[in-house]
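Remarks on the overall topology
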Amino acid sequence: MNPAGESDRSRPSATLFDAIGGEPTFRKLVDEFYAGVATDPLLRPMYPEEDLGPAADRLTLFLIQYWGGPNTYSAQRGHPRLRMRHAPFRIGVAERDAWLRHMRRAVDRLDLPQEHATALWAYLERAAFFMVNVMEDPA
């Protein structure tokens, strides 16, 4: 899949899902990420739910599926359509950078072998840039 969740031939053939420890590792990644989002004044308002748990579950299931784990995300929610699902939210450079800052901290906390951390980060960075839907931040 590309950052939009569509099929992509460049997807790794061996599953990163298995190589980094499966579901527990992805849950830890997402838990660490949302710990930062919970107190971020720019990102937190994008999550209308009082509890970040449902958003964390959706991201966890998406990442698990993308990296070769079970397809629970698609079974529950259909095609990822990430751009469409995020279209209602203003995502500019500042939001992208805040998202990447929290995700970088989360990836670093996993203490993965370098090749796996690099592959994971490269995807997350591409996805974050892909999600920007506001070309110019207001001055």
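The coordinates are above.
None of these values were measured; they are calculated from a predicted model.

1. What about the environment of aspartate 97?
Looking at where aspartate 97 falls in the secondary structure, it is placed in helix H6 (residues 93–110). By relative accessible area, which is 33% here, aspartate 97 ends up partly exposed. Sequence-wise, aspartate 97 and alanine 128 are 31 residues apart; in three dimensions their C-alpha atoms are separated by 8.2 Å.

2. Focus: the nonpolar core
If you look at the biggest cluster of nonpolar residues, it comprises 42 residues, and the most contacted ones within it are Tyr34, Leu63, Met103 and Leu120. Counting residues per element, the ones that place at least two in this core are helix H1 (16–19), helix H2 (23–37), helix H3 (53–66), H6 and helix H7 (114–131). If we skip the residues at most four places from it in the chain, leucine 120 touches Leu16, Phe26, Leu29, Trp67, Val107, Leu110 and Leu112.

3. Remarks on H6
With 18 residues, H6 extends 26 Å from end C-alpha to end C-alpha; this agrees with the ideal 26 Å at 1.5 Å per step. Three or more residues of H6 are buried, namely Glu95, Arg96, Ala98, Trp99, Leu100, His102, Met103, Ala106, Val107 and Leu110. Close packing links the buried residues of H6 with H2, H3 and H7. Just downstream of H6 lies aspartate 111, where phi reads positive at about 55°.

4. Observations concerning unusual backbone geometry
The phi dihedral of aspartate 111 falls on the positive side, at around 55°, and the residue is not glycine. By the element assignment, aspartate 111 lies in the loop between H6 and H7. Overall, the relative accessible area of 67% leaves aspartate 111 in the exposed class.

5. Here we look at the packing of aromatic side chains
Considering all chains together, one arrives at nine aromatic pairs under this definition. Between phenylalanine 33 and tyrosine 34, the aromatic rings sit 4.9 Å apart at their centres with planes inclined by 75°, giving edge-to-face as the arrangement. Among the residues examined, phenylalanine 33 registers a relative accessible area of 0% and is labelled buried. Aromatic ring contacts, followed pair by pair, group Phe62, Tyr66, Trp67, Tyr73 and Tyr123 into a single cluster. The positively charged end of arginine 96 is found above the aromatic ring belonging to phenylalanine 129, 3.9 Å away from the centroid. We note arginine 104 situated over the ring of tryptophan 121; from NZ or CZ to the ring centre the distance is 4.3 Å.

6. What to know about the packing of H2 against H6
The geometry of H2 relative to H6 is characterised by a closest axis approach of 8 Å and an angle of 140° between their N-to-C directions. Relative to H6, the element H2 lies oblique. Crossing angle aside, the handedness with which H2 passes H6 is right-handed. Where H2 approaches H6, its residues Thr25, Lys28, Leu29, Glu32, Phe33, Ala35, Gly36 and Val37 are matched on the opposing element by Trp99, His102, Met103, Arg105, Ala106, Val107, Arg109 and Leu110. Its residues assigned to classes, the contact of H2 with H6 shows nine nonpolar, three polar and four charged.

Reading guide: rules and limits
- Residues numbered from 1 in each chain as written.
- Predicted model: local features only at pLDDT ≥ 70, side-chain atom pairs only at ≥ 80, totals over all residues.
- Heavy atoms only, no water.
- Helix = DSSP H or I, 4+ residues; strand = E, 2+ residues; numbered from the N terminus.
- Buried < 20%, exposed > 50% of the residue type's maximum accessible area, 1.4 Å probe, protein only.
- Core = buried A, V, L, I, M, F, W, Y, C linked by side-chain atoms within 4.5 Å.
- Contact = heavy atoms within 4.5 Å.
- Expected span 1.5 Å × (residues − 1).
- Phe/Tyr/Trp six-rings, centres within 6.5 Å; stacked < 30°, edge-to-face > 60°.
- Lys NZ or Arg CZ within 6 Å of the ring centre and 35° of its normal.
- Axes fitted to C-alpha atoms, helices over the stretch in contact; angles between N-to-C directions.
- Parallel < 35°, antiparallel > 145°, perpendicular 65-115°, else oblique.
- Left-handed = near helix turned anticlockwise from the far one by under 90°.
- Nonpolar A, V, L, I, M, F, W, Y, C, P; charged D, E, K, R; others polar.

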